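Close look at the chain arrangement
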Amino acid sequence: MGLEGHTALITGAGQGIGRACAEVFTDQGAALVLIDKNPETLEEVARVCKEKTDRILPLALDLTDLELLGKELDGVSSSFEVDILVNNAGFDKPGTTGKIDREAFESVLGIHLSVPLFLIQRFLPAMRSRKWGRIINVSSIYGIIGGKGEVAYSAAKAGLIGLTKSVAREAGKDNVTVNAVLPGLTRTPTIESAMAEKFKQQIINDTPLGRIAEPEEVAKVIAFLASEDASFITAVALPVSGGWGI
Ligand SMILES: NC(=O)c1ccc[n+]([C@@H]2O[C@H](COP(=O)([O-])OP(=O)(O)OC[C@H]3O[C@@H](n4cnc5c(N)ncnc54)[C@H](O)[C@@H]3O)[C@@H](O)[C@H]2O)c1
């Protein structure tokens, strides 16, 4: 199993791509710290993963409360020594430049940039001391092509690519790789419930593979970047988009 002996912290693990990561990483033998603000979905994911391993620690909390996050992480047993960090949690607040207000803009930057930076600052020093670590940031195709009416989200996801490449430059000499994954349209509960069919179809029409991704297809790429097989890949912003937007 490719991730045996490692411990991954996955944010936004309660559903969608984060949940798929939790399941794929469990199958590959990793111990997991799973974080989500939704206690019900998180508990269900933890239950499913615990059928295969007891090395699962679910933490139900709002990541944007950085003080609380820090305290909760202080209380995590040293047997969960995180050496793989998957910054996946996110949300969107659509709006054009004319309509987006500052609070909405800053909350989107907060979850996609401040939270990943906080977690990187928290776990990178130990990864560097141990001379092994993996950080995978979940960005978006919108981070490279922008999105009409997606000013905050696109800016945040582009920023996350810049953060990824900068940390990769710092940490490479200590054998810590830092990469971003850029999903295209992916069949997650939020997309299924919140995106209009007409808009989905437009993206599918622009996607050479002509379909939406399943969350597992993104999670398997994240697991690959976390594995030993990806030992010489760092500072990459890898589209997992069926060819959309590249
Ligand atoms: N689904 C797509 O088409 C798509 C495309 C490109 C990028 N992405 C990115 O992939 C990542 C996962 O997307 P998804 O579609 O699986 O999302 P989702 O909305 O289905 O799930 C996100 C999870 O994150 C959790 N979360 C959100 N804010 C949180 C907070 N403050 N504290 C703790 N937990 C929080 C939610 O409770 C939820 O369980 C996101 O960063 C998203 O921007 C998704």
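Higher on the page you've got the structure.
To keep things clear, this report deals only with the structure shown in the data block. Just so we're clear, the structure is a prediction, and the values are computed from it rather than from any experiment.

Remarks on the overall build of the protein chain
- Along the protein chain, the regular secondary structure elements total nine helices and seven strands.
- Over its C-alpha atoms the protein chain spans a radius of gyration of 17 Å, differing by no more than 12% from the 18 Å that the globule rule assigns to 246 residues.
- C-alpha extents for the protein chain along the principal axes are approximately 45 × 35 × 35 Å.
- Looking at the 246 residues of the protein chain, the share that counts as buried comes to 50%.
- Long-range contacts, defined here as pairs at least 24 residues apart, represent 74% of the contacts in the protein chain between residues at least 6 apart.
- Entry remark: accessible area of the protein chain is about 11,600 Å², with carbon and sulfur atoms responsible for 53%.
- Each charge class in the protein chain can be summarised by its mean position, and for the 25 positive and 31 negative side chains these summaries are 5 Å apart.

Digging into the layout of surface pockets
- Quantified by volume, the largest pocket comes out at close to 1,300 Å³.
- Lining of the largest pocket is provided by 50 residues; of these, Gly90, Phe91, Asp92, Tyr153 and Thr190 occupy positions nearest its centre.
- Looking at the lining of the largest pocket, the elements with two or more residues in it are helix H1 (16-27), helix H4 (102-130), helix H6 (151-171), helix H7 (189-194) and helix H8 (197-205).
- Of the residues belonging to the lining of the largest pocket, the class tally is 22 nonpolar, 20 polar and eight charged.

Considering the packing of helix H3 (residues 66-74) against H4
- As a packed pair, H3 and H4 sit with axes 11 Å apart at the nearest point and diverge in direction by 30°. Considering their axes alone, H3 and H4 lie roughly parallel with respect to each other. In this structure, the crossing between H3 and H4 has a hand that is right-handed. The segment H3 lies against H4, with Leu66, Leu69, Gly70, Leu73 and Asp74 engaging Val115, Phe118, Leu119, Arg122 and Phe123.

What counts, and at which threshold
- Residues numbered from 1 in each chain as written.
- Predicted model: local features only at pLDDT ≥ 70, side-chain atom pairs only at ≥ 80, totals over all residues.
- Heavy atoms only, no water.
- Helix = DSSP H or I, 4+ residues; strand = E, 2+ residues; numbered from the N terminus.
- Rg over C-alpha atoms; globule rule 2.2 N^0.38 Å.
- Buried < 20%, exposed > 50% of the residue type's maximum accessible area, 1.4 Å probe, protein only.
- Contact = heavy atoms within 4.5 Å.
- Areas by Shrake-Rupley, 256 points an atom, 1.4 Å probe, with all protein chains shown as cover.
- Lys, Arg positive; Asp, Glu negative; His and termini not counted.
- Charge placed at Lys NZ, Arg CZ, Asp CG, Glu CD.
- 1 Å grid on protein atoms, 1.4 Å probe; cavity = no way out; pocket = protein on both sides within 12 Å on 5 of 7 lines; lining within 4 Å.
- Points joined across faces, edges and corners; volume = space filled by probe spheres on them.
- Nonpolar A, V, L, I, M, F, W, Y, C, P; charged D, E, K, R; others polar.
- Axes fitted to C-alpha atoms, helices over the stretch in contact; angles between N-to-C directions.
- Parallel < 35°, antiparallel > 145°, perpendicular 65-115°, else oblique.
- Left-handed = near helix turned anticlockwise from the far one by under 90°.

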